[in-house]
Amino acid sequence: MTIKLLIVDDQAMVREGFAALLNAQADITVVADAADGAQAVARAREQAPDVILMDIRMPVMDGLEALRQILDVGPGLHRPRIIMLTTFDLDDYVFEALRAGASGFLLKDAPGSELVRAVRVVAAGESLLAPSITRKLIEEFAARQGPRPKVLSLNALTPRETEVLTLIARGQSNAEIADVLTVAEQTVKTHVGRIFTKLNLRDRAQAVVLAYESGLIAPQA
């Protein structure tokens, strides 16, 4: 399957550099680019990309507002997966983007190999939580907001599902969770799917945010 990609950045050199790198991959095709958030919303509607690489800070409309508009579609309609790009490892916008439905984020100066991997990981339905900076960011904002009582929606989870959600929030992969719980990886995938369904989550990024915001897991725990 070819991954259709939209690149959004107000700097032409960045767009062209990313496009050259990603178009060179056999499984990725850059279908369009955009210079600001308003253009991004229009291109997303026109091209229906699988993945969007989008800068956070842009003129006309920033990446956060564009993210919200792109993902604000009716049930059953196409919703691309969005990776936010930033030059700051702890950008106030990034946490809000994860909360709003972004599948992860990358620093703009990340190596090319990491950029390619990010597009493939997100296209496959996972979230980009592997870099330790993502956990650092979430913990930082969770710490600023302080612990919150567990939300009622978590009551829908079984004890095992709650345990799996806790391990997801600590940045562990399905394979790592399987090792911790001494179960098959497929069993973990089943638990993860049920967690997403019960809590109406799109991916692991939203699961991590919810785990911290709900007080299920405390920063630096």
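Above this note sits the structure.
Description of the structure in this document.

Reading the values: the criteria
Residues numbered from 1 in each chain as written. Predicted model: local features only at pLDDT ≥ 70, side-chain atom pairs only at ≥ 80, totals over all residues. Heavy atoms only, no water. Pairing = 2+ DSSP bridges. Helix = DSSP H or I, 4+ residues; strand = E, 2+ residues; numbered from the N terminus. Axes fitted to C-alpha atoms, helices over the stretch in contact; angles between N-to-C directions. Buried < 20%, exposed > 50% of the residue type's maximum accessible area, 1.4 Å probe, protein only. Contact = heavy atoms within 4.5 Å. Salt bridge = Lys/Arg side-chain N within 4 Å of Asp/Glu carboxyl O.

Quick word on the sheet that holds strand S1 (residues 3-8)
Note on sheets: strands pair through backbone hydrogen bonds, and any given pair is parallel or antiparallel.
Okay, step 1: With parallel pairing, the five strands of this open sheet are ordered in space as S2-S1-S3-S4-S5. Here the strands that pair on one side only, and so sit at the sheet edges, are strand S2 (28-34) and strand S5 (104-107). Taken over all neighbouring pairs, the strand axes of this sheet differ in orientation by 25 degrees on average, direction set aside.
Okay, step 2: With four bridges connecting them, S1 and strand S3 (residues 51-55) associate as parallel partners.

A few points about the environment of His191
Okay, step 1: Examined against the element boundaries, His191 turns out to sit in helix H9 (residues 185-199).
Okay, step 2: Here His191 falls in the buried class, since its relative accessible area comes to 15%.
Okay, step 3: Considering only alpha carbons, one finds His191 and Val164, 27 residues apart in sequence, at a separation of 7.2 Å.
Okay, step 4: Excluding residues that lie within four positions of it along the chain, His191 makes contacts with Arg160, Glu161 and Val164.

A word on the pattern of salt bridges
Okay, step 1: This model, assessed by the stated rule, comprises seven salt bridges.
Okay, step 2: With a shortest N-O distance of 3.7 Å, Arg15 and Asp33 are connected by a salt bridge. With Arg15 in helix H1 (residues 12-23) and Asp33 in strand S2, the pair connects residues that are 18 residues apart, well separated along the chain.
Okay, step 3: We classify Arg15 as buried; its relative accessible area is 15%.
Okay, step 4: Here Asp27 and Arg120 are joined by a salt bridge, their closest N and O atoms 2.9 Å apart. Residue Asp27 is found in the loop between H1 and S2, and its partner Arg120 is found in helix H5 (residues 112-123); the two are separated by 93 residues along the sequence.
Okay, step 5: Asp27 gets classed as partly exposed once you look at its relative accessible area, which sits at 23%.
Okay, step 6: One network of salt bridges, in which partners are shared, links Asp9, Asp55 and Lys108.

None of the figures reported here should be taken as evidence of function without further support.
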